[in-house]
Amino acid sequence: MASTTPHTTPAPLTRASVEAAHTLIKPYIHRTPILTNTTLNNLASTPQAPEALKGTQWEGHEPAKPKVRLFFKCENLQRIGAFKVRGAFHAVLRLVEERGIDEVRKKGVVTHSSGNHAQALALAARTLSIPAHIVMPNISTPSKIAGTQAQGAIVHFSGSTSQEREAIVAAVVEQTGATLIPPYDHPNIILGQGTMGLETQTEVEELLAEKPELGIPGKSGLDALMAPCGGGGMLSGNAVALQPTPIRVFGAEPSFQGGDDARRGVESGTRITTVKTLTIADGLRTPLGDHTWKVISDNEYVQGLYAVTEQNIKDAMKLVLERMKCFVEPSAVVGLATILYNEDFRNMAEREAGEEGWNIGVVFSGGNTTIEAITNIFAHVPEEQAERHEGVVASDGRRVAENVAG
């Protein structure tokens, strides 16, 4: 079997390398906006109702009351609808720098992915006129298969296990000499994803310089950033980008069927290498790799990992769809769900931020879902709670001031 080891030379995982990656990929990506929302700020800064904690590990505890202002980095508005294009373009452009465009066009690139990375690599390859071979499990979402094929990629179908996917990748490499561009566990992918952290830091500072009333009084930038964690490429990239700054970085995962493998692994000190979960946050069903583990397990880079339930994710997604008018996939709101509903995080934020409070960046990682999928997710959710002129009752029972868009 041919080796499927990536053959590009990795750059060091430093902020300077992330800055260089940003310069390289800027012509090919969107600089996605930062959004704020008064309702979600108020919800996050209001204690959860005691009844909302019944049946949880926090039952009987006094609900936390952190003071926060949220700044949403909208990668759901990125090209192909997700942050993945950052890492894909960076990895391909570095490969071209190393080998020359003619050589890369001659042999092509290959990856295995069921969704966003598949579409991202297909777009990067089409942009540079490079053949792309994408190995996709035959159970992949039809819309994601169609999106990948629409970019001109050659799709090879496989079974759903990693061994089955990798066997097809190896066969493609044997036949074509294509270079593997991994979905997340390679330094050049990590550095590309980290460009989001640079933008978020800068854009929030620019926004607060113009409209200081949107943040915590007297603060000119972020105190923390919260990002979803699946394979960990995006979380580790943001952590590398922000490590030299005072901004703390946190990760969020689904708890369903052990989907919080990164949190559990860091807690035990051993990387968990397999995950079998059918969480609705389908973009986060992947375990950490060797490279992402080294960053995420280091407290100097990531200061904490937290998990939320499927209901937490649904509640957060409902708020984003209805209050922010943002089209997001379930994986995108796991960070927001943590800030709203995980009492371990909320207590930590209250304790560490004190009376002053925190400005928190929140990554919306993508928006690649469908109306049919959203309909299925919310098929049994109670009807929208009635609005009253004195405020809005959120799905978790907290009463907040009427929403002011912005």
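Residues numbered from 1 in each chain as written. Predicted model: local features only at pLDDT ≥ 70, side-chain atom pairs only at ≥ 80, totals over all residues. Heavy atoms only, no water.

Overview of the overall build of the chain
Thinking step 1. A tally of helices and strands in the chain yields 15 helices and 12 strands.
Thinking step 2. Scaling as 2.2 N^0.38, a compact globule of 406 residues should have a C-alpha radius of gyration of about 22 Å, and the chain matches this with 21 Å.
Thinking step 3. Overall, the C-alpha framework of the chain stretches about 65 × 45 × 40 Å when taken along its three principal axes.
Thinking step 4. Taking all 406 residues of the chain together, the buried fraction comes to 56%.
Thinking step 5. Look at the contacts in the chain between residues 6 or more apart in sequence, and 75% of them connect residues 24 or more apart.
Thinking step 6. When the accessible surface of the chain is totalled, it reaches about 16,600 Å², and 50% of it is carbon and sulfur.
Thinking step 7. Positive and negative charge centroids in the chain, built from 37 and 45 side chains respectively, lie 3 Å apart. (Helix = DSSP H or I, 4+ residues; strand = E, 2+ residues; numbered from the N terminus. Rg over C-alpha atoms; globule rule 2.2 N^0.38 Å. Buried < 20%, exposed > 50% of the residue type's maximum accessible area, 1.4 Å probe, protein only. Contact = heavy atoms within 4.5 Å. Areas by Shrake-Rupley, 256 points an atom, 1.4 Å probe, with all protein chains shown as cover. Lys, Arg positive; Asp, Glu negative; His and termini not counted. Charge placed at Lys NZ, Arg CZ, Asp CG, Glu CD.)

Digging into the environment of Glu205
Thinking step 1. Take Glu205: it is sitting in helix α8 (residues 187-210).
Thinking step 2. The exposure class assigned to Glu205 is partly exposed, which follows from its relative accessible area of 37%.
Thinking step 3. Here the alpha-carbon distance between Glu205 and Gly231, two residues 26 residues apart in the chain, equals 29 Å.
Thinking step 4. Leaving out residues up to four positions away in the same chain, Glu205 has contacts with Ser220 and Gly221.

Some points on the packing of α8 against helix α9 (residues 233-242)
Thinking step 1. Relative to each other, α8 and α9 sit at 55 degrees, their axes nearing to 7 Å. Between α8 and α9, the interaxial angle falls into the category oblique. Viewed along their axes, α8 and α9 form a crossing whose handedness is right-handed. Contacts between α8 and α9 involve Ile190, Gln193, Gly194, Met196, Gly197, Leu198 and Gln201 from the former and Gly233, Met234, Ser236, Gly237, Asn238, Ala241 and Leu242 from the latter. (Axes fitted to C-alpha atoms, helices over the stretch in contact; angles between N-to-C directions. Parallel < 35°, antiparallel > 145°, perpendicular 65-115°, else oblique. Left-handed = near helix turned anticlockwise from the far one by under 90°.)

Overview of unusual backbone geometry
Thinking step 1. In the Ramachandran plot, Ile80 falls in the positive-phi region, its phi being about 60 degrees despite a non-glycine side chain.
Thinking step 2. Structurally, Ile80 is set in the loop between β2 (68-74) and α3 (84-99).
Thinking step 3. In the Ramachandran plot, Gln257 falls in the positive-phi region, its phi being about 50 degrees despite a non-glycine side chain.
Thinking step 4. Within the element layout of this structure, Gln257 appears in the loop between β8 (248-254) and α10 (261-268).

Points about the UniProt feature "domain: Tryptophan synthase beta chain-like PALP" (unreviewed entry) in the chain
Thinking step 1. Those places that UniProt annotates as "domain: Tryptophan synthase beta chain-like PALP" (unreviewed entry) correspond, in this numbering, to residues 65-365.
Thinking step 2. With 47% helix and 16% strand, the stretch residues 65-365 has end C-alpha atoms that lie 26 Å from each other. (UniProt positions renumbered as here; feature names shortened; annotations may be inferred.)

A few points about the packing of aromatic side chains
Thinking step 1. Counted by the stated rule, this structure contains six aromatic pairs.
Thinking step 2. Centroid distance Tyr306 to Phe345: 5.3 Å. Interplanar angle 80 degrees. Geometry classified as edge-to-face. Placement of Tyr306 in strand β9 (residues 304-308) and of Phe345 in helix α14 (residues 343-353) is noted, with a sequence separation of 39 residues between them. Here the two residues Tyr306 and Phe345 agree in accessibility, since each one is buried. (Phe/Tyr/Trp six-rings, centres within 6.5 Å; stacked < 30°, edge-to-face > 60°.)

Observations regarding the confidence of the model for the chain
Thinking step 1. Residues at a pLDDT of 70 or more form 91% of the chain, whose mean pLDDT is 91.
Thinking step 2. Long-range and interchain partners of residues 381-394, a stretch whose pLDDT sits below 50, account for 25 contacts in this model, where long-range means more than four residues apart.
Thinking step 3. Segment residues 399-406 is flagged for pLDDT under 50; beyond a separation of four residues in sequence, or across chains, it makes 24 contacts in the model. (pLDDT = per-residue confidence, 0-100.)

Here's the deal with the environment of Ile190
Thinking step 1. You can see Ile190 is positioned in helix α8.
Thinking step 2. You can call Ile190 buried: its relative accessible area is 0%.
Thinking step 3. In this view, Ile190 contacts Leu13, Tyr184, Gly233, Ser236, Gly237, His291 and Thr292; residues no more than four positions away in its chain are not counted.

A word on empty space enclosed by the protein
Thinking step 1. For the coordinates displayed, the defined rule picks out two cavities of 30 Å³ or more.
Thinking step 2. Put simply, the second largest cavity is a space of about 30 Å³.
Thinking step 3. Every residue along the wall of the second largest cavity is listed here: Leu95, Arg99, Glu103, Val104, Lys107, Gly108 and Thr179.
Thinking step 4. Among the elements of the structure, α3 and α4 (101-107) are those that each provide at least two residues to the lining of the second largest cavity.
Thinking step 5. Along the lines of polarity and charge, the residues of the lining of the second largest cavity split into two nonpolar, two polar and three charged. (1 Å grid on protein atoms, 1.4 Å probe; cavity = no way out; pocket = protein on both sides within 12 Å on 5 of 7 lines; lining within 4 Å. Points joined across faces, edges and corners; volume = space filled by probe spheres on them. Nonpolar A, V, L, I, M, F, W, Y, C, P; charged D, E, K, R; others polar.)

A look at the pairing of strand β7 (residues 224-228)
Thinking step 1. Across the five residues of β7, five count as buried, placing the element largely inside the fold.
Thinking step 2. Burial along β7 is two-sided: the residues Ala224, Met226 and Pro228 and Leu225 and Ala227 are all buried.
Thinking step 3. Across five bridges, β7 lies against β8 in parallel orientation. Following the sheet pairing, Leu225 is matched in β8 by Val249.
Thinking step 4. In the classification by handedness, the crossover that spans β7, the intervening α9 and the parallel β8 is right-handed. (Pairing = 2+ DSSP bridges. Right-handed = clockwise from strand over helix to strand, strands pointing away.)

Side note on the nonpolar core
Thinking step 1. By size, the foremost hydrophobic cluster in this structure holds 42 residues, and its most contacted members are Leu70, Phe72, Leu336, Phe345, Ile360 and Phe364.
Thinking step 2. In this structure Leu336 touches Leu40, Leu70, Phe72, Ala316, Val320 and Val362, once residues within four positions along its chain are discounted. (Core = buried A, V, L, I, M, F, W, Y, C linked by side-chain atoms within 4.5 Å.)

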